Amino acid sequence: MFFLSVLRYALLVLVPLCSILTIYLYLYPAFHLCAFPSPEHNPRAEYVNTLRHHAPYTSQDGSKVAPFRLLALGDPQLEGESSIRDADAANFPNLSKFWKDALLLDGTKHNPLQRLRHSLHDLVDFYLDDIPKALEVYRKRLDHVGNDYYLGHIYRTMHWWTDPTHVTVLGDLVGSQWIDDEEFESRGWRYWNRVFNGGIKVTEELASQPSDDFQDTLVLGEDAAAWKRRIINVAGNHDVGYAGDLSQDRMARFTRVFGKANYELRFQLPLNSTAVAKEGEEAAMERAVPEVRIVVFNDMNLDTPAGSQEMQDETYGFLNKVITTSHDVNRPALFTIVLTHIPMHKEAGICVDGPFFDFFTGEFGNGVKEQNHLSKDASKGFLEGIFGKNGNPDVPGGGYGRNGVILTGHDHEGCNVYHFMNHSSPMRQWEATTWPKALSADIVDKPGIPGLREITVQSMMGGFAGNAGLMSLWFDEKTWEWKFEFTNCGLGTQHIWWLVHILDLIALGIGLVYGGVVVAQHIKEAGNNSTNPTAYGKPKGLNAEKKVQNGTLYANGNGSNIIDKSAVSSTGNGSLRTGISLMSLESKHPN
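Because the structure is a prediction, the values reported are computed rather than measured.

### Thoughts on the sheet that holds strand S7 (residues 291–296)
The sheet built from eight strands is open, its strands ordered S4-S6-S7-S8-S11-S14-S12-S13 with mixed pairing. Where the open sheet ends on each side, the last strands, each with one partner, are strand S4 (218–219) and strand S13 (431–434). Where strand S12 (residues 415–420) and strand S14 (residues 451–456) come together, six bridges link them in antiparallel fashion. Within the sheet, the bridge partner assigned to His-419 lies in S14 and is Leu-452.

Below, the structure is given as structure tokens:
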């Protein structure tokens, strides 16, 4: 059958192709050599150790795995109904109008000619306007569903392969701050049930506020399974708005669905996991306990003017508490991670997004409408306030401040920046350059040049190649300080995800059709055999032997009629029908 042959050859092409593409898609971190950095600074060893974690009969070397591994994701920006033009077209409004005009359901009185004219006009609009727009609406809705599962595929695959201890999403969880509450709840449901299925928000009990007598310090590694599931959500401009349009209602719904916008977490590394035991218990008690401080901060209304002065005061109140409750700048074994959305100020050309501000006119208190970076003053508050860095070498700590890093989102292209200040410069102001340039210029950790690294994580959206950031933090027992490294892993555009799954569906469909046709053929043949016993060339009622033996054939299985072997050629060329005919004649004319 020609159709069956076409299906068979299509499967011969599609099945191997789909198998290869599907394996690649669901194991893409393995093919892209993705792994958390390690103290060895050896990408190959890091990858092999990750591979051993998943390989049977082997286990990874725990000494080469950082105790704090953060999976950082940026700007998923879930879209929804509000982003679809003419969404009402899916309800076919012109078709409804046709029935009203044709049957005069709205009470309008028309003569027959008017009714015909209006009805025909409605039908034309239905076919030429409603149907094309409805198809576009359904296409966009399907695209939203596919985008949810594409983003979810990135999270699940990276989470499974890299085995992080913590996860954060750096703002812009949804696509617009202007959506109503119902749409916000809908996107929130998709966020937790499609994109980050299995994840949970950080509860209010864990989201602590800064305090001089902080009592909520956790032990790094305890409750590990729960922390792997918790998503540390950061508020972005598309979630709550910029300083101008940020409101209490928007902040309240964000908190309800995604968790608090401002809080801190502290983790201490267990003493028995360090080498202090070699120096005795007394020495261990004298040395500072290794501690990680994570500050989750909403920086959307740091800059002025703000639409709500009350909310800006709350933001600055939280920031001041973070600063005043920080450990002394001379304390060793402390690492501060700031998770926020809008990046620090930097000159144009360093990152894709340059400095930019726009303001409302005549509404929202003429507040900030849009911005790419924080202002210089707001950025200075981070660097000199939270991290205690200073241009004056005579201050405590020599101006070098606290060890740490800033992780941000917002700039979808991502950026890796080093902020620094040269004590020998007469201006002594903050400058910024890319991290590779800072390394090549040998200004990182150089005496007289305090600095801090800021990493803007590339967006996980399909249009920006579906990225995920991997940050490892480990404790160096020789220097008694924390050290960290960051790398990026991208899946690629969302079209890869669509292509693989469409091909898989096509192959599955062809396989089902092929199987159905084959089964139908067998059923048909079985039916024919049951109604036509001659289907295999065996005459009804004739039990003839397969070959002639001794020139004798037996008819009707009774052995009473014997055919002379001269009637059938010994070469097998004789006719069985001839032999049967002779037998019949002999039975009619017995001797």
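From this point, the narrative continues.
### Quick word on the side chain of His-166
As for its position among the elements, His-166 is in strand S2 (residues 166–169). Polar contacts involving the side chain of His-166 include one to the side chain of Thr-165, which spans 2.8 Å. What His-166 contacts, discounting residues up to four positions off in sequence, is Phe-68, Arg-69, Leu-70, Leu-71, Leu-220, Trp-227 and Phe-267.

### A closer look at helix H5 (residues 112–162)
With 51 residues, H5 should cover 75 Å at 1.5 Å per step; its first-to-last C-alpha distance of 72 Å lies within 8% of that length. The largest bend along H5 measures about 40° and falls at Phe-126.

### Things to note about the packing of aromatic side chains
Within the structure shown, the criterion is met by 24 aromatic pairs. Taking the centre distance of 4.8 Å and the plane angle of 65° together, the rings of Tyr-155 and Phe-196 count as edge-to-face. Within this pair, whereas Tyr-155 is found in helix H5, its partner Phe-196 is found in the loop between helix H6 (181–195) and strand S3 (200–201), the two being separated by 41 residues in sequence. Residue Tyr-155 shares its accessibility class with Phe-196, and that shared class is buried. An angle of 35° between the planes, with centres 6.4 Å apart, marks the rings of Trp-192 and Phe-258 as tilted. Of this pair, Trp-192 sits in helix H6 while Phe-258 sits in helix H9 (residues 248–258), placing them 66 residues apart in sequence. Taking relative accessible area as the criterion, Trp-192 reaches 15% and is therefore assigned buried. Residue classification places Phe-258 among the buried positions, given a relative accessible area of 2%. In this structure an aromatic cluster arises from ring pairing among Tyr-155, Phe-184, Tyr-191, Trp-192, Phe-196, Phe-254 and Phe-258. Between the NZ or CZ atom of Arg-230 and the centre of the ring of Trp-227, over which it lies, the distance is 4.6 Å.

### Some remarks on the sheet that holds strand S1 (residues 68–73)
The mixed open sheet is built from six strands, whose spatial order is S3-S5-S2-S1-S15-S16. The open sheet has two edge strands with one neighbour each: S3 and strand S16 (481–490). As paired strands, S1 and strand S15 (residues 467–476) are joined by five bridges and run antiparallel to one another. Residue Arg-69 lies in a different strand from S15, and its bridge partner there is Ser-472. Each of S2, S3 and strand S5 (230–233) touches H6; the most contacted strand, S5, lies at about 140° to it.

### Section: the packing of helix H11 (residues 309–324) against helix H12 (residues 376–386)
Relative to each other, H11 and H12 sit at 25°, their axes nearing to 9 Å. Viewed along their axes, H11 and H12 adopt a mutual orientation that is roughly parallel. Side by side, H11 and H12 meet where Leu-319, Val-322 and Ile-323 of the first sit next to Gly-381, Gly-385 and Ile-386 of the second. Classifying every residue of the contact of H11 with H12 by side-chain character gives four nonpolar, two polar and no charged.

Basis of the calculations
- Residues numbered from 1 in each chain as written.
- Predicted model: local features only at pLDDT ≥ 70, side-chain atom pairs only at ≥ 80, totals over all residues.
- Heavy atoms only, no water.
- Pairing = 2+ DSSP bridges.
- Helix = DSSP H or I, 4+ residues; strand = E, 2+ residues; numbered from the N terminus.
- Polar contact = N/O pair within 3.5 Å; in protein donor to acceptor, adjacent residues only side chain to side chain.
- Contact = heavy atoms within 4.5 Å.
- Expected span 1.5 Å × (residues − 1).
- Bend = angle between axes of the 7 residues up to and from the residue.
- Phe/Tyr/Trp six-rings, centres within 6.5 Å; stacked < 30°, edge-to-face > 60°.
- Buried < 20%, exposed > 50% of the residue type's maximum accessible area, 1.4 Å probe, protein only.
- Lys NZ or Arg CZ within 6 Å of the ring centre and 35° of its normal.
- Axes fitted to C-alpha atoms, helices over the stretch in contact; angles between N-to-C directions.
- Parallel < 35°, antiparallel > 145°, perpendicular 65-115°, else oblique.
- Nonpolar A, V, L, I, M, F, W, Y, C, P; charged D, E, K, R; others polar.

It is worth stressing that arrangement in space is one thing and function is another; only the former is reported here.
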